[in-house]
Each structure stands twice: as C-alpha cells, then as structure tokens.
Amino acid sequence: MYPMKLSPVYKDYLWGGHELEKLYGKISDGDRTAESWELCCHPEGESVIKNGSYKGCRLSDILKENPAFVSDRFRKEDKFPILIKFIDAKEKLSVQVHPSDETANGELGEEGKAEMWYVISAKPRAFLYYGLSRTISKEKLEEKIKDGSVCDVLNKVKVHAGDVFFIHPGTIHAIGAGLVVAEIQQNSNTTFRIYDYLRKDWEGNYRQLHIERAIDVIDRTPIVPSQEFNNNEVSLRSGRIRRLFGCPYFNVLQIENWGGKIKFWCDRSSFHSLLVIRGMGHLEYKGRRYDFSSGDSIFVPAGMGEYYLSGRHEILMSKI
C-alpha cells in the first residue's frame, strides 16, 4: 500500500485545444487534447500506475485484487465510483444532458452521471449554459431543439477562475469556449447530445444527436444558477482546506498549501484522489517522499493512514 501516481488517458475531441499542454504538459497523439482523464477505471479509459511495485499495472486490476483500496464497503465486483478529468474547451461543447441513475435505461447500458466543475481558467467573457431559464412544455422544448433555438431558453452564466458548479442529472448544460475545467463525476460516459451548432466532424458529417432520449430525461424545472461552495473551511498556519462540494457520489475538498506541511489521514472508508491544480511539492508517507507537480494525479488507497503534503500548491482532493 502506497501513494500511486497515475498516467492520464487523452481524448482528442474536435472542440479541444492546447491549454492542457501549456498548463500541464499533456499532449495527446492527435491534433489537440480536449480531455485528460486523470482517474479512470472505465472501458473507454484506464488509468495506469506510474510508480512503485504496481508500476505499469492498470489501476482497475489492482483494485480487483485489493477492493479495500477503494473502501471497506467496496467489493471486487463493484464498479469504481468516480471519474476525474481535465477539460480544455477551446470551442464550446455541445448542448447536452446526462440521465440520473433512476432515468438511465439499463437495457441500453446507460448509467447516471452527476458531475461537478471546478473552473481552473477562464478567458474574458467566457460563459456556460446551465439549465432552463423559464418554464417550457416538452413539445415546445423539442421544437426549439430541432430548430436550433434551444439556447434562447437556457441560462447563460458568466464564468471566472475558481467558480464551482454542480450539474444535476437531467439539467441541460454546455461548457462554453475559453474554459479549462477540472471535472469530478460519476463513473459514466452517458451523454445525450441535444444541439451542436450545426458543427461537422473531421469527415464532414454532422455529429450524432440524441434528442428523443434527451427529451425523456430533461428536467424542465427552471433553474436559478448558483455556485456550489459548502465552505466548511479550516484555516491553517500555512494554508487552508475548504470543502467545495458533497453529494451521495463524491466529496471534494480544495487544499491550498502556502509552503508548509499539512497532515492528512486516509481511513478505510474511502480512498483519496489528489489532483494537483497548480504548484509543486511532495507527499510524505512512512519516511518516503513522493514528488508531484501541476497536473499530477495521485491515488491514495483507503486505509493508508497518515501522510503529509508539503510545498506550495493547490490540490483538489476527491473521495466517496
């Protein structure tokens, strides 16, 4: 049992850019790096361990052998609960919706997807779409989706670095252009694309839409967009720890270290995922030092116990 550094899985979607390369040195084999999956045990992306005795092994294989590394409640046949990624939206993403566990169709292999966004950087006038701005019938909503005017009934929210949003399943949403985001989500890639601005892929084809499935799961209750800060903050001599968000699927803390040494305890109830947003430092465990820098992802097994973080950095800690 030790802190495991993870290799990312890159996604070369057409709306991506090169900000993840500039910020974190993350370079895909394609023309762009739209997403970098930093903690993933999913058929479309598998984290590989970079250090220690498990070096070169898939994290999912190690967790099947050692389910207690996830949680004392986790069984080897269970699905790993979350997926964590960086997103670079050079161009705006499609207008889309994710189902909840209740509305996902098990017969089609669909799964629910709740997600939280932490905005790392935002260009001037950057925005996102978040939920319906007014009451609308199912028929009228479908009409506006098909005629391309659906954005007229969505909340357009200005975004700044440090903002936090939780996207409830069933909420129409879209990340706008000029944003770099850290996303913590349920371990699902089920997305129903509603509108894509008549954008074509590299082969000149319009991207696939899923209007019928989307209409079935969209929550048509108007939303007043608000940021999510649970804000239970602990001030330390050399930094602070702030609880950004918690839900039944995951909990996220923001750790800001200004040059000191902060003690943590990883008990058997959950692993810790450490996503380094900026800065550098090292993790100390049983007298050994594990260096890290911006963009790194570290999996701390449940039950590992006492460890320390030192340096100057900002980290998002996720757990279940």
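As shown above, the structure is provided for reference.
Residues numbered from 1 in each chain as written. Predicted model: local features only at pLDDT ≥ 70, side-chain atom pairs only at ≥ 80, totals over all residues. Heavy atoms only, no water.

(A) Structural view of the nonpolar core. Counting 57 residues, the largest nonpolar core has Phe-299 and Tyr-307 as its most contacted members. Those residues in contact with Phe-299 that sit more than four places away from it in its chain are Tyr-2, Pro-3, Met-4, Leu-6, Leu-39, Leu-59, Leu-63, Phe-69, Phe-80, Phe-271 and His-272. Within the second largest apolar cluster, 23 residues are counted, among which are Tyr-129, Ile-194, Ile-211 and Ile-218. (Core = buried A, V, L, I, M, F, W, Y, C linked by side-chain atoms within 4.5 Å. Buried < 20%, exposed > 50% of the residue type's maximum accessible area, 1.4 Å probe, protein only. Contact = heavy atoms within 4.5 Å.)

(B) Broad picture of the pairing of strand E1 (residues 4-7). Relative to strand E21 (residues 297-300), E1 is paired through two bridges, and the arrangement is antiparallel. From the neighbouring strand, Lys-5 faces E21, where its bridge partner is Ile-298. Pairing of E1 with strand E6 (residues 48-49), which is carried by two bridges, proceeds in the antiparallel orientation. Across the sheet, the residue bridging to Leu-6 is Ile-49, located in E6. (Pairing = 2+ DSSP bridges. Helix = DSSP H or I, 4+ residues; strand = E, 2+ residues; numbered from the N terminus.)

(C) Up close: unusual backbone geometry. A positive phi angle is found at Leu-198, which is not glycine, with a value near 60°. Positionally, Leu-198 belongs in the loop between strand E15 (192-195) and helix H4 (211-217). Phi is positive for Lys-286, which is not a glycine, with a value near 50°. As for its placement among the helices and strands, Lys-286 is situated in the loop between strand E19 (272-285) and strand E20 (288-293). Looking at Lys-286, the relative accessible area reads 71%, which means it is exposed.

(D) Local environment of the sheet that holds strand E9 (residues 115-122). Taken together, six strands build an open sheet; the order of strands is E2-E3-E7-E14-E9-E12 and the sheet is antiparallel. Of all strands in the sheet, those bounded by a partner on one side alone are strand E2 (9-11) and strand E12 (164-167). Each strand axis lies, on average, 25° off the axis of its neighbour in the sheet, ignoring direction. With four bridges joining them, E9 and E12 adopt antiparallel strand pairing. By the bridge assignment, Glu-115 is partnered in E12 with Ile-167. (Axes fitted to C-alpha atoms, helices over the stretch in contact; angles between N-to-C directions.)

(E) Expanded view of helix H3 (residues 138-146). Leu-141, Lys-144 and Ile-145 are the residues of H3 that are buried. Each buried residue of H3 lies within a common arc of 105° when the element is viewed along its axis, so the set occupies one face. Residues Glu-139 and Lys-146 are exposed on H3 and point more than 90 degrees away from its buried face. The secondary structure elements touched by the buried residues of H3 are strand E10 (127-132), E15 and H4. Positive backbone phi, approximately 80°, marks Gly-148, located one or two places after H3. (Arc of directions from axis to C-beta.)

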